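# Coordinate analysis (summary)
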Amino acid sequence: MPHVVLMGSDCAAFAGETRAFDVEGATVRRMIAELEARYPGLGDCIERRMSVAIDGEIHQDALGEALPEGAEVVLIPKIGGG
Amino acid sequence: MTDTLERPANALNVVGTRPVRPDGADKVTGRATYGADLTMAGMLTGRILRSPHPHARIVSIDTRKAKALAGVKAVVTGADFPSVDSDEAMGGEGGGSIRDLARNVIARDKALYDGHAVAAVAATSPEIAEEALSLISVKYEVLPHVIDVEAAMAPDAPVLHADMFTAGLPTKPDKASNIAQAHESKRGDIAAGFASADVIVEDRYVTAATHQGYIEPHACVASLSADGQGMVWCSSQGQFMVRTYCAKVLGMEASDIRVIPAEIGGGFGGKTTVYLEPIALALSRIAGAPVKMVMTRDEVFRASGPTSGSVMEVKLGATKDGKIVAADVVLKFQAGAFPGSPVGAAVMTTLACYDIPNFRIVGYDVVGNSPKVAAYRAPGAPIAAFAVESAVDELADKLGLDPFKIREVNAVRDGVQASYGPTYRNIGYVETLEAARKHPNLLAKLGPNQGRGVAAGFWFNIGGESTASVNINDDGTAVVASGNPDIGGSRASMAMMAAEVLGLPVEKVRPIVADTASIGYSMLTGGSRTTFATGMAVTQAAQKIVEDLKRRAAQTWDVPVEQVEWMDGSAVCIDGAKRGQALSLADLAAKSGNTGGPIGAQVSLNAQGAGPGFGVHVCDVEVDPETGHVTVLRYTAAQDVGKAIHPSYVEGQIQGGVAQGVGWALNEEYIFDSAGRMENSGFLDYRMPVASDLPMIDTAMVEVPNPRHPFGAKGVGEVPIVPPLAAVANAVRDAIGKRITTLPLSPPRIRAAIDAK
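Quick caveat: nothing in here was measured; it's all calculated off a predicted structure.

## A look at the overall build of chain A
The helix and strand inventory of chain A stands at 2 helices and 5 strands. On C-alpha atoms alone, chain A measures out to a radius of gyration of 11 Å, which is about the 12 Å that the 2.2 N^0.38 rule sets for 82 residues. Counting only C-alpha atoms and orienting by the principal axes, one finds that chain A spans roughly 35 × 30 × 15 Å. Within chain A, buried positions represent 46% of all 82 residues. Restricting to contacts in chain A with at least 6 residues of sequence separation, those with at least 24 account for 54%.

Here it is in structure tokens:
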């Protein structure tokens with residue numbers, strides 16, 4: 001079961017005080033749907049504003065990415081650059 | 001989704017070498033075509049009328065006299081642009097929304113900074129355009145203004161946007177504020193951490209707003225024909241970005257705008273947005289003729305860029321052995337007139353070099369009456385690093401530790417959880433520290449009034465969406481096309497990676513930057529992504545061609561494709577009746593018509609797995625105690641680059657970042673008068689370093705490969721601007737024995753510190 005941690009303040013308001021979640025979803029898309037079902041608005045916010053780091057590797061806009069069993073999933077604000 | 005290709009079995013022949021740059025001759029002979037160089041038949045000159053007030057309600061704009069002037073073909077104001085209400089994010093680069101972008105391009109109800117565009121004209125000559133501007137009558141209701149970040153945060157500050165309520169708080173405030181967003185990141189028990197510390201340092205740090213300082217001003221030519229088809233020729237960091245933003249600001253379809261990228265004379269993040277292009281298109285639509293617009297340097301300073309000024313508070317606690325056990329950081333960043341400072345990135349990067357069990361980082365994105373900030377190399381990271389790396393230096397001093405030692409004790413390594421969340425993998429920070437420590441420059445003895453400063457820096461680097469095509473010509477040469485403007489050597493690196501895979505000499509590969517109608521979408525050139533992400537697309541396209549060439553050779557020989565290998569630019573039959581026979585790329589290209597037609601491949605991908613980069617810099621300075629002038633004696637920059645595709649370009653990126661960082665540290669700053677107008681909007685008064693201000697910047701490239709890139713590359717363009725502010729400040733501290741916590745370290749400020757002894 002992937003363990004998800006929500007970083008930053010961008011989407012925090014949707015989840016109250018909760019910042020860590022265990023999810024069933026086996027892909028980023030399913031994880032987002034699951035979080036949206038639990039905390040309305042959170043999934044949409046994640047999709048628009050967050051990147052997903054899976055076991056230390058940052059993915060931007062990668063809904064189809066697989067979430068291995070026990071994966072460390074960290075949601076961080078999207079990163080740009082100069 | 002992307003997968004890493006297998007590393008080519010053969011040793012590298014092209015990657016890692018230093019061929020002549022493909023764009024070099026044109027640039028040094030003046031033949032390269034920049035944004036301002038295009039001229040078209042019937043072209044008009046566009047000019048912008050800018051607000052002289054930092055904060056004012058626009059009561060009315062009367063353009064009748066301007067329109068009546070002979071030679072004036074078009075006049076526009078904010079009323080001529082559609083109302084853009086979308087709060088859709090612009091994307092990761094500059095921050096902010098499309099609505100704010102539109103209102104920054106041209107003011108609607110309020111002018112929000114000195115220089116904010118309020119009207120524009122197109123005329124048959126520059127002189128007529130200037131005269132037309134003088135005939136436009138704008139009635140302003142001048143409002144109180146605020147620029148200083150802490151003043152803008154005060155409860156009684158003039159509020160810029162009545163509909164802006166601080167985001168990121170547990171509950172929505174009931175009062176509008178200039179604080180657009182609050183960010184917070186924390187771990188562990190900060191109170192317990194400080195309680196366990198043997199030594200605590202605490203200080204307040206201030207940086208000024210600085211400009212990216214690209215030599216080429218913003219410039220474009222736009223033509224919008226009667227059938228609604230638009231063309232834009234401009235200098236930017238992304239032709240697709242220009243197309244998207246113009247379409248959204250003007251309410252057009254993206255397919256109705258074609259953007260042709262010009263050569264770019266520096267961007268550094270500042271050309272990741274639009275200023276002139278939508279206005280030029282709007283003028284052209286009315287005039288029925290192409291419109292050229294070129295900013296003056298004064299306009300570049302007053303109405304584009306800069307990056308944030310800031311106020312930061314840093315508190316660090318450590319045990320006697322140098323282990324940092326607690327950190328408390330507050331970052332207050334100027335966003336300019338609209339939200340979108342890089343404080344979010346600063347929150348994520350500020351402690352990214354360190355493994356600290358207990359911390360809290362708070363950031364505030366604060367609007368004020370100055371130009372909307374734009375991205376600037378590693379946005380936010382140099383500012384935050386100035387504060388934290390200065391504080392780490394103070395901590396080392398208090399503990400009697402070597403500045404390398406304290407960084408090594410607290411260094412992040414593979415397996416450590418980054419302060420911004422994920423667990424690090426394949427990072428080279430410790431190796432970079434070691435490379436800096438062992439550099440021969442550190443053997444130099446320091447004399448009187450001289451000092452040495454050390455600082456570290458981090459940047460994420462990103463991947464993202466890229467498209468590239470590789471096509472083989474009938475003589476066996478190749479053309480590589482990508483959708484990324486070349487701001488730091490990407491044409492060379494694209495050609496080299498293609499040449500490596502194809503087995504061609506790099507001189508036989510011609511790299512080009514294609515326009516928006518000629519190649520698939522690519523995110524802009526920024527975030528140190530192009531060599532990584534677009535390079536991945538190029539490599540995969542070349543690999544596809546190799547597979548196709550093997551198939552064609554097998555067809556020619558009438559053997560199974562499994563009997564064909566690609567070796568040094570030729571198909572070689574490795575088994576069967578044709579064993580030992582070879583067909584070169586030129587042979588196969590010449591007969592391509594007989595084996596399936598033209599040879600080419602295009603790959604579009606969303607590259608994942610960009611590896612983060614770390615840099616460690618050492619700066620030696622001498623301070624003239626009479627004048628306060630700082631001379632940089634030596635500068636050493638070590639960086640983990642993954643794999644240097646073209647080492648000279650990588651060194652150039654590192655040296656360029658250092659040069660900009662040194663300017664930021666020593667001289668550069670936006671200076672406003674009491675009326676909120678910029679006082680130094682030219683290169684004479686806004687002092688950037690020139691060649692004679694700097695020594696040779698020595699580089700040490702550390703190569704800890706990124707396994708997700710075919711050749712191991714990591715982004716390199718942003719890390720090198722992160723450490724210099726603190727490295728210089730720490731060196732000055734070492735030279736004069738006193739910490740100055742406000743940038744720039746200009747001669748008057750240093751003299752004041754010396755005199756205060």
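Read on, since the account is not over.
## Quick word on the overall build of chain B
Secondary structure summary: chain B contains 19 helices and 26 strands in total. For 757 residues, the compact-globule estimate of 2.2 N^0.38 gives 27 Å, and the C-alpha radius of gyration of chain B, at 27 Å, lies within 12% of that figure. Overall size of chain B, expressed as C-alpha extent along the three principal axes, is 85 × 75 × 50 Å. Looking at chain B as a whole, 59% of its 757 residues are labelled buried. Taking all contacts inside chain B whose residues are at least 6 apart in sequence as the whole, residues at least 24 apart take part in 79%.

## What to know about unusual backbone geometry
Residue and element names in this part refer to chain B. The amide bond that connects Gly305 to the next residue, Pro306, takes the cis arrangement and shows omega of -25 degrees. If you trace the backbone, Pro306 turns up in the loop between α9 (297–303) and β13 (310–318). Note that the residue after Leu743, namely Pro744, is joined by a cis bond; omega there is 0 degrees. Mapped onto the elements of the fold, Pro744 is located in the loop between α18 (724–736) and α19 (747–755). The backbone of Phe268 shows a phi angle near 55 degrees, a positive value even though the residue is not glycine. The topology assignment puts Phe268 in the loop between β11 (257–261) and α8 (277–287). Given 27 C-beta atoms within a 10 Å radius, Phe268 is considered buried.

## Notes on the interface of chain A and chain B
Opposite the 27 residues of chain A that make contact, chain B presents 40 residues. It is strand β5 (residues 72–77) of chain A that contributes the most residues to the side of chain A that touches chain B, 4 residues altogether.

## With respect to the sheet that holds strand β20 (residues 564–567) of chain B
Residues and elements named next belong to chain B. With respect to topology, 3 strands assemble into an open sheet ordered β20-β21-β22, the strand pairing being antiparallel. Here the strands that pair on one side only, and so sit at the sheet edges, are β20 and β22 (582–584). Across the sheet, the mean angle from the axis of one strand to that of its neighbour is 25 degrees, orientation sign disregarded. Looking at chain direction, β20 and strand β21 (residues 570–573) are connected through 4 bridges and run antiparallel. When the sheet's bridge partners are listed, Glu565 is paired in β21 with Val572.

## Some remarks on the domain arrangement of chain B
By a widely used convention, the size of an interface equals the accessible area lost when the partners come together. Residues and elements named next belong to chain B. When cut into domains, chain B gives domain 1 (24–32 + 463–605) and domain 2 (426–461 + 611–755). Contacts between the two partners involve 14 residues from domain 1 and, on the opposite side, 15 residues from domain 2. For the side of domain 1 that touches domain 2, the secondary structure elements donating two or more residues are α14 (490–502) and α15 (530–557). If you tally residues by element for the side of domain 1 that touches domain 2, the top one is α15, at 5 residues.

## Description of the sheet that holds strand β5 (residues 117–123) of chain B
Residue and element names in this part refer to chain B. Across the sheet, which stays open at both edges, the 7 strands sit in the order β3-β5-β1-β12-β9-β10-β11 with mixed pairing between neighbours. Each edge of the sheet is formed by a strand with only one pairing partner; in this case those strands are β3 (72–77) and β11. The mean inter-strand angle of the sheet, taken between neighbouring strand axes irrespective of direction, is 20 degrees. Examined bridge by bridge, strand β1 (residues 44–50) and β5 share 6 bridges and lie antiparallel to one another. Note on β5: the bridge partner recorded for Thr45 is Ala123. Contacting β10 (230–234) and β11, helix α7 (residues 239–250) crosses the sheet at an angle of about 150 degrees to β11.

## Quick notes on the nonpolar core
In summary, soluble globular proteins display a tendency toward joint burial of nonpolar side chains. Residue and element names in this part refer to chain B. Ile279, Ala498, Val728 and Val732 are the most contacted members of the largest nonpolar core, which has 270 residues in total. Of all the elements, helix α11 (residues 381–399) adds the most residues to this core, at 11 residues. When we break this core down by domain, the ones giving at least three residues each are domain 1 (24–32 + 463–605) and domain 2 (426–461 + 611–755). Residues contacting Val728, with those up to four places away along its chain left out, are Gly453, Cys619, Val621, Val662, Ala665, Leu666 and Leu745.

## Observations concerning α7 of chain B
Residues and elements named next belong to chain B. The terminal C-alpha atoms of α7 lie 16 Å apart, and with 12 residues this matches the ideal 16 Å at 1.5 Å per residue to within 8%. α7 sits mainly inside the fold: 11 of its 12 residues count as buried. On its buried side, α7 packs onto α3 (98–105), β10, β11 and α8. At the exit of α7 stands Gly251, carrying a positive phi of roughly 70 degrees.

## Remarks on the pairing of β5 of chain B
Residues and elements named next belong to chain B. With 7 of its 7 residues buried, β5 lies for the most part within the structure. Here 5 bridges tie β3 to β5, and the two strands are oriented antiparallel to one another. Residue pairing in the sheet places Val72 in a bridge with Ala123 of β5.

## As for the environment of Asp26 of chain B
Residues and elements named next belong to chain B. Mapped onto the secondary structure, Asp26 falls in helix α1 (residues 24–29). Through-space distance from the C-alpha of Asp26 to that of Asp624 is 42 Å; in sequence the pair is 598 residues apart. Contact partners of Asp26, with chain neighbours within four places excluded, come to Arg31 and Ala32.

## Digging into the packing of α14 of chain B against α15 of chain B
Residues and elements named next belong to chain B. At their nearest, the axes of α14 and α15 sit 9 Å apart, and the two run at 30 degrees to each other. Classified by the interaxial angle, the pair formed by α14 and α15 is roughly parallel. For the pair α14 and α15, the crossing hand works out as right-handed. Of the residues in α15, those in contact with Ser490, Ser493, Met494, Met497, Ala498, Val501 and Leu502 of α14 are Thr530, Thr531, Thr534, Gly535, Val538, Thr539, Ala542, Gln543, Ile545 and Val546. In the contact of α14 with α15, the residues fall into 9 nonpolar, 8 polar and no charged.

## Section: the confidence of the model for chain A
Predicted confidence across chain A gives a mean pLDDT of 91, with 100% of residues reaching 70 or more. When pLDDT is averaged over each element of chain A, helix α1 (residues 28–38) of chain A comes out on top at 95 and strand β4 (residues 57–59) of chain A at the bottom at 88.

## Some thoughts on the environment of Gly305 of chain B
The residue Gly305 of chain B is located in the loop between α9 and β13 in this model. As for Gly305 of chain B and Lys320 of chain B, which are separated by 15 residues in sequence, their C-alpha atoms are 43 Å apart.

## Let's talk about α1 of chain A
Residues and elements named next belong to chain A. Among all positions of α1, only Val28, Met31, Ile32 and Leu35 are buried. Buried residues in α1, looked at end-on, bunch into an arc of 100 degrees, giving them a common side. For α1, the elements touching its buried residues are β1 (3–6), β2 (20–22), α2 (42–49), β3 (50–54) and β5.

## Comments concerning the pairing of β1 of chain B
Residues and elements named next belong to chain B. β1 sits mainly inside the fold: 7 of its 7 residues count as buried. Across the two faces of β1 the burial is the same, with Leu44, Gly46, Ile48 and Arg50 and Thr45, Arg47 and Leu49 all buried. Bridging between β1 and strand β12 (residues 291–294) involves 2 bridges; their strand directions are parallel. Paired with Thr45 across the two strands is Lys292, which belongs to β12.

## Details of the environment of Pro82 of chain B
Residue and element names in this part refer to chain B. Residue position: Pro82 is located in the loop between β3 and α3. Here Pro82 falls in the exposed class, since 11 other C-beta atoms lie within 10 Å of it. As a C-alpha pair, Pro82 and Ile128 span 46 residues in sequence and 27 Å in three-dimensional space. Ignoring any residue separated from it by four or fewer positions in sequence, one finds Pro82 in contact with Leu250 and Gly251.

Definitions and cut-offs
Residues numbered from 1 in each chain as written. Chains lettered and ligands numbered in written order. Predicted model: local features only at pLDDT ≥ 70, side-chain atom pairs only at ≥ 80, totals over all residues. Helix = DSSP H or I, 4+ residues; strand = E, 2+ residues; numbered from the N terminus. Rg over C-alpha atoms; globule rule 2.2 N^0.38 Å. Buried ≥ 20, exposed ≤ 12 C-beta atoms within 10 Å, placed from the backbone. Contact = placed C-beta atoms within 7 Å. Pairing = 2+ DSSP bridges. Axes fitted to C-alpha atoms, helices over the stretch in contact; angles between N-to-C directions. Domains from an automatic or database assignment. Core = buried A, V, L, I, M, F, W, Y, C linked by C-beta atoms within 7 Å. Expected span 1.5 Å × (residues − 1). Parallel < 35°, antiparallel > 145°, perpendicular 65-115°, else oblique. Left-handed = near helix turned anticlockwise from the far one by under 90°. Nonpolar A, V, L, I, M, F, W, Y, C, P; charged D, E, K, R; others polar. pLDDT = per-residue confidence, 0-100. Arc of directions from axis to C-beta.

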